[in-house]
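Topology and contacts: notes
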Amino acid sequence: KYPTGKEHQRASRIPSQFSQEERVAMKEALKGAIQIPTVSFRPGEFNTTALAEFGEYIRKAFPTVFKTSFIKHEVVGEYSHLFTVQGSDSSLQPYMLMAHIDVVPALDQGWEVPPFSGLERDGFIHGRGTLDNKNSVMAILQALELLLIRKYIPRRSFLIALGHDEEVSGEYGAQKISALLQARGTQLAFIVDECGFILDGFIPNLKKPFAMISVSEKGSLNLMLQVNMTPGHSSAPPKETSIGILAAAVSRLEQNPLPNMSGNGPLKRLLQQLANEFSFPTNIVLNNLWLFWPLVRRLMDRNYVMNALLRTTTAVTMFNSGVKVNVIPSVAQATVNFRIHPSQTVQEVLELVKNTVADDRVQFHVLNAHEPLPDSPSDDQALGYQLLLQTLQSVFPEINIVAPASCIANTDSRHYANLTTGIYRFNPIYVQPQDFRSIHGLNEKISVQAYETQVKFIFEFIQNADTELEPAPHQHEL
Ligand SMILES: CCCCCCCC/C=C\CCCCCCCC(=O)N[C@@H](CCCCN)C(=O)O
Ligand SMILES: [Zn+2]
Ligand SMILES: [Zn+2]
């Protein structure tokens, strides 16, 4: 455990206890945030009215944050927000908390309550963004507001970066904030962003929840496959059409997943760590992975979330061709979204894909791609990771398993990789598989209690970060 217990810090520690009035105000503030439909549609295309309204909303919801003299607030890229909270000790390297304001679209259909209603029912606040990721936007500002009301002055400076287009690449929000910070020569001790939770019920037969902190992030490749054939009359069709050739190609990609890269990676270590939490015979299997690993790997392949952690995933997301029922089309196009495992590269995936398709009539066009993010340190010298562990220990004493893993999706934090080697993706919220499916899906919701606990976690985390210790210099492994 990181030796963070400084006497000075203990003496001036503000307890994370909130009055009944404050608890009501914090949940009402979240509901109001959910009601503003800050939807991103495509890169550069978002609900600008809602984003502007959101900017006004946070000013009203968190007046102390906005009037505190040692906090600088800047609007970047029109709708993103950057707060710089000046600490009293400039020798301590600053860190950054991140979240995003925008959400993916949601239609009313299929929802128990309208997605932008922010309704409270049975102890849950419902709506798009309650888990991804307005909960974090609001919890960060709420925790800071409550600390400031209690006259807290941080020792270590920190930044809060709230992007407005994470769901569509972060080009106009996070990328602009990152460029601004780079121009200022800012270097950060670490960053905390989304994409890790306390997972409950994700591993069959494991009753115990565990925290997953993502220390890396998968890469991405959007690849368009195209087949061009001579068009003609459907009454005398050729043996193969562009649609048939392309369909066979994407089917081969689906039937032949990219290789399982788990090797000796973090997932294997997690299973070993968990072995004694299972009953017979799973405990024996997991305690003897040297023998049973091939079997365990096969079982994990069948679980769609585990599968996403184990390999580069292949998802055919678009398929277009044809103009009329009696015309053999000339062009067929399909788009495949690959999420690249951290131990592979874009180029390696491209080569494997071409080998699997193995048909010269299929052309490949890279629409966009980026490499996976390297592992951030998670050893006992890694300040950000250790502060998360320390805060987990005090806020969730029942959690005694913490697993470093990689984020299966992408986050805005990747745009800040030049500013720090310590990027940690974690939201302190219990999540069950059905909650996980609600992210970008139907009936996204957060319990009032979970939200309060998230505020408490950040309230404690900010104070824990006032330690004088600095992260050990660390080089990314390339
Ligand atoms: C053994 C344990 C089982 C593991 C369970 C994994 C659970 C995963 C935990 C957290 C995942 C949460 C994902 C929330 C972040 C989502 C971010 C996101 O959707 N990003 C978009 C960005 C799109 C940018 C435009 N290209 C994305 O990745 O599509
Ligand atoms: Zn998100
Ligand atoms: Zn999202």
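Just so you know, these numbers come straight off a predicted model, no measurement behind them. (Residues numbered from 1 in each chain as written. Chains lettered and ligands numbered in written order. Predicted model: local features only at pLDDT ≥ 70, side-chain atom pairs only at ≥ 80, totals over all residues. Heavy atoms only, no water.)

**Section: the sheet that holds strand S21 (residues 445-447)**
- Strand order in this open sheet of 3 strands is S6-S7-S21, and the pairing throughout is antiparallel. Each edge of the sheet is formed by a strand with only one pairing partner; in this case those strands are strand S6 (120-121) and S21.
- In this structure, S6 lies alongside strand S7 (residues 124-126), joined through 2 bridges in antiparallel fashion. Bridge pairing in S7 places Arg121 opposite Phe124.
- Against the sheet, helix H2 (residues 20-34) makes contact with S6, S7 and S21, and its axis sits at roughly 20 degrees relative to S7, the strand it touches most. (Pairing = 2+ DSSP bridges. Helix = DSSP H or I, 4+ residues; strand = E, 2+ residues; numbered from the N terminus. Contact = heavy atoms within 4.5 Å. Axes fitted to C-alpha atoms, helices over the stretch in contact; angles between N-to-C directions.)

**Regarding the coordination of the zinc ion (ligand 3)**
- The protein atoms that coordinate the zinc ion (ligand 3) are Asp132 (OD), Glu167 (OE), Glu167 (OE) and His440 (NE2), at distances of 2.0 to 2.6 Å.
- In this structure, the zinc ion (ligand 3) is coordinated by 4 donor atoms arranged in irregular fashion, with angles at the metal of 55 to 151 degrees.
- Of note, the donors binding the zinc ion (ligand 3) are all from one chain and are spaced D-x34-E-x272-H. (Donors = N, O, S within 2.8 Å, 3.2 Å for Na, K, Ca; no water. Tetrahedral: all angles 85-135°; square planar, octahedral: opposite > 155°, others 65-115°.)

**Concerning the confidence of the model for the protein**
- Per-residue confidence for the protein gives a mean pLDDT of 94; residues scoring 70 or more make up 95%.
- Scored by ipTM, the complex comes to 0.94, with pTM at 0.92. (pLDDT = per-residue confidence, 0-100.)

**Quick notes on the site of ligand 1**
- In the vicinity of ligand 1 there are 21 residues, among which Glu166, Val305, Arg339, Asn410 and His440 approach most closely.
- One of the side-chain nitrogen or oxygen atoms of Glu166 is found 3.2 Å away from a nitrogen atom of ligand 1.
- The contact in question runs from a nitrogen atom of ligand 1 to an N or O atom on the backbone of Asn410, over 2.7 Å.
- Protein chains bury 88% of the 770 Å² of accessible surface belonging to ligand 1 in isolation.
- Breaking the shell around ligand 1 down by element, the ones donating at least two residues are strand S11 (210-217) and helix H11 (304-310).
- Take the shell around ligand 1: its biggest share by element is 3 residues, from H11.
- Class assignment of the residues belonging to the shell around ligand 1 gives a composition of 14 nonpolar, 3 polar and 4 charged. (Near = heavy atom within 4 Å. Polar contact = N/O pair within 3.5 Å; in protein donor to acceptor, adjacent residues only side chain to side chain. Areas by Shrake-Rupley, 256 points an atom, 1.4 Å probe, with all protein chains shown as cover. Nonpolar A, V, L, I, M, F, W, Y, C, P; charged D, E, K, R; others polar.)

**A word on the environment of Asp102**
- Looking at where Asp102 falls in the secondary structure, it is placed in the loop between strand S5 (95-100) and S6.
- With relative accessibility at 0%, the residue Asp102 sits in the buried group.
- Taking C-alpha positions, Asp102 is 32 Å from Leu258, a pair spaced 156 residues apart along the chain.
- Polar side-chain contacts of Asp102 include one of 3.1 Å to the backbone nitrogen of Glu166. (Buried < 20%, exposed > 50% of the residue type's maximum accessible area, 1.4 Å probe, protein only.)

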